[in-house]
Amino acid sequence: DVKVTQSSRYLVKRTGEKVFLECVQDMDHENMFWYRQDPGLGLRLIYFSYDVKMKEKGDIPEGYSVSREKKERFSLILESASTNQTSMYLCASRGQDYYGYTFGSGTRLTVV
Amino acid sequence: EDQVTQSPEALRLQEGESSSLNCSYTVSGLRGLFWYRQDPGKGPEFLFTLYSAGEEKEKERLKATLTKKESFLHITAPKPEDSATYLCAVQTARGNTGKLIFGQGTTLQVKP
């Protein structure tokens, strides 16, 4: 089975801190995605990557950046955390021959 | 604009009381429609993929169907362990990056 692993289940950070969320997949998938999930707003795409060192903005990229130096790892960076970035962050990956995503278990980030 | 709408937002059933969840979509060419189950505090878990109108998929008490405008997730004789949020997502024919557009989900509660 494909595994997508997010490094932390829960994180508490202070306003203004630089925050790194890490995601690793073990099935050689080309495409990786970062979403945030908020009550009433559903899943919103932040960034995605379709190859190493390639990235594209999703629907809500402001305040975030990403890094994909290796195929298996996709990092989400909050340059200067703010309270409105408190959310559940979900990473997902997808192979070329299958349209669906495999999700990680999520990181619940609280910015205080 | 591509859009996915799920209804109802929340559904309470008694154990054994069958019902259906709806996912309506307006997209420019459907590549696939996906159903996921999400338990509180966890990432979504894949249930079904449907590719063309008339297609049906089944798994235990769940059955997903697809028309040209909507999909239904039928739950037959539900049990309390079926309580979760059910997410619908579509992939459009636009591009090949694998982006999914999600609905906001239906939260199902099954009481014993």
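Conventions adopted
Residues numbered from 1 in each chain as written. Chains lettered and ligands numbered in written order. Predicted model: local features only at pLDDT ≥ 70, side-chain atom pairs only at ≥ 80, totals over all residues. Heavy atoms only, no water. Helix = DSSP H or I, 4+ residues; strand = E, 2+ residues; numbered from the N terminus. Rg over C-alpha atoms; globule rule 2.2 N^0.38 Å. Buried < 20%, exposed > 50% of the residue type's maximum accessible area, 1.4 Å probe, protein only. Areas by Shrake-Rupley, 256 points an atom, 1.4 Å probe, with all protein chains shown as cover. Lys, Arg positive; Asp, Glu negative; His and termini not counted. Charge placed at Lys NZ, Arg CZ, Asp CG, Glu CD.

Trainee: Go over the overall build of chain A with me, naming the residues and quoting the values.
Mentor: Helices and strands together make up the secondary structure of chain A, namely zero helices and 11 strands. Sequence-ordered secondary structure for chain A, helices as α and strands as β, is β-β-β-β-β-β-β-β-β-β-β. A globule of 112 residues ought to have a C-alpha radius of gyration of about 13 Å, and chain A, at 13 Å, matches this closely. Each of the three principal axes of chain A carries a C-alpha extent, and together these read 40 × 25 × 25 Å.

Trainee: Run through the overall build of chain B, naming residues and quoting values.
Mentor: Counting secondary structure elements, chain B contains zero helices and 11 strands. Whereas a compact globule of 112 residues would reach a radius of gyration of roughly 13 Å, chain B reaches 14 Å, a difference of no more than 12%. In chain B, buried positions account for 45% of the 112 residues. With an accessible surface of roughly 5500 Å², chain B has 47% of that area assigned to carbon and sulfur atoms. In chain B, the 14 positive side-chain charges and the 14 negative ones have mean positions that sit 4 Å from each other.

Purely geometric stuff here, so don't read any function into it on its own.
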